[in-house]
Amino acid sequence: MLDAQQQQLEHPVGTANNRKSIFITGAASGMGRESARLFRQKGWFVGAYDVNAEGLRALEAELGADNCVVRRLDVTDKADYERAIAEFGACTGGKMDILYNNAGIGVGGYFDELPFEDILRVVRVNFIGVLNGIHSAIGLLKATPGSLCFTTSSSSATYGMPGIAVYSATKHAVKGLTEALSIEFRRYGVRAADVLPGLIDTAILPPGTAERAPKEGMFRLIPPIEVAKVVWEAYHSDQLHWYVPSEIAELDKAAGNTPEMVREQISSTMTFAAEVASEKK
Ligand code: NAD
C-alpha cells in the first residue's frame, strides 16, 4: 500500500536512513522554512509541506533531495493529510520525531465587517488544519520514543486581539488543545508543546508592518530563525509553552491574573492591530 502511495509523490523520495525526522507544515516560507533549514543543519531528515509548490521546490534544492521529502499539502484536506503522513512514514521507517503544525493564515479586519467565508478559512487552516495533522500523525508519533507534537500558536493567544479576533481565537484553541494533549498523550510517551511568537518578520504580515513595528518591547520585529531555534530547544525540553521573545510570557501571566487590566491596556495602547484592520476595509 505504501509503495502505491509513494508513486503519487511529485518528487523522488529521500529516506531518513535512521536519522531523526521532522514533519513541517507551512514549510515553504517564514518560520517553517527556517525550521526546515535548521533541522537539516542538525542532521535531521525533513518532511516539508505547503500549498506553495514553488517555495517547496526552492527549499528542496537548498536542503538536498536526499535529506528531505517535499510535497504539496493543503492542511485542510484530511484525506490528503493521511496520505502525506503515510508517505513520510515510508521514508522514515514508520517514525516521526517531531510533528510541527505550523501552517497558518491571517485575515485582518473587524469581525462584523469580514465576509463570513474569510472567517471560516482562518478557522479551517489554523485550527482544523492542526486537528487534521495531529489526528493523522499520532500513529507515527506513538511509534517514536521521545517524540514531540509541536504547534505554532501566537502571542494573540494570551489575550484576544482586536482586528484579528478570529485568528486570535484559533490560536487560543491551539494553545488549549496543546495543554490537553500534553496530558492525554503521556500515556504514549508523546510530548505536546507550542510556541507563542510576537511579531515575526515573515510573509504573513500585511505590507508596511515592518516599517511601523515598534523598535523595542515585546512586539519588536524578530527574525523567523528565532522561532526555529525554539522548536529545536523544545525537542530537548519538557516545557509546554514557548514565547518569542520571552517577554510574551509576562503578557500571558498578566492576561491570566488581571484580564480587565490587560483589556484596558490593549484598548488604549495597542492600536496597531486596529490600524491594520481599518486599512483592510
Ligand atoms: P508565512 O506566511 O511566511 O508562512 C506560512 C506558510 O503556511 C506559507 O508558506 C503558506 O503557503 C502556508 N500555508 C497557508 N495555508 C496553508 C494550507 N492550507 N496548507 C498548507 N500550507 C499552508 O508566515 P509565518 O509567520 O512563518 O507563519 C507560520 C505560523 O506562525 C502561522 O501559523 C502563523 O499564524 C504563526 N504566527 C506568525 C506570527 C508572525 O508575526 N509572523 C506571529 C505569531 C504566529
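Quick note: structure is the one above.
Residues numbered from 1 in each chain as written. Predicted model: local features only at pLDDT ≥ 70, side-chain atom pairs only at ≥ 80, totals over all residues.

## Overview of the overall build of the protein chain
- Looking only at helices and strands, the protein chain has 11 helices and 9 strands in total.
- Relative to the compact-globule value of 19 Å for 281 residues, the protein chain shows a C-alpha radius of gyration of 19 Å, a close match.
- For the C-alpha atoms alone, the extent of the protein chain along its principal axes is close to 55 × 35 × 35 Å.
- Expressed as a percentage of its 281 residues, the buried residues of the protein chain come to 45%.
- If you take every contact in the protein chain between residues at least 6 apart in sequence, the share linking residues at least 24 apart comes to 68%. (Helix = DSSP H or I, 4+ residues; strand = E, 2+ residues; numbered from the N terminus. Rg over C-alpha atoms; globule rule 2.2 N^0.38 Å. Buried ≥ 20, exposed ≤ 12 C-beta atoms within 10 Å, placed from the backbone. Contact = placed C-beta atoms within 7 Å.)

## Some words on the site of the ligand
- The full set close to the ligand counts 32 residues, and G26, S29, G30, G104 and I204 are the nearest of them.
- Those elements that place two or more of their residues in the shell around the ligand are α2 (30–41), α5 (116–142) and β7 (199–200).
- With 3 residues, α2 is the single largest residue contributor to the shell around the ligand.
- Looking at side-chain class alone, the shell around the ligand contains 15 nonpolar, 15 polar and 2 charged residues. (Near = placed C-beta within 6 Å. Nonpolar A, V, L, I, M, F, W, Y, C, P; charged D, E, K, R; others polar.)

## Examining the environment of T144
- Along the chain, the position of T144 falls in the loop between α5 and β5 (148–152).
- In sequence terms T144 and G94 are 50 residues apart; their C-alpha atoms lie 8.2 Å from each other.
- In contact with T144, not counting residues within four places along its chain, are K95, M96 and D97.

## Considering the pairing of strand β6 (residues 191–197)
- Burial within β6 is extensive, with 7 of its 7 residues counted as buried.
- Because side chains alternate across β6, one face comprises the buried residues R191, A193, V195 and P197, and the other comprises A192, D194 and L196, equally buried.
- Here β5 pairs with β6 via 5 bridges, running parallel. Pairing of L148 across the sheet is with R191, part of β6.
- The pairing of β6 with strand β9 (residues 241–244) spans 4 bridges and is classified as parallel. Note that in β9 the partner of P197 across the bridge is V244. (Pairing = 2+ DSSP bridges.)

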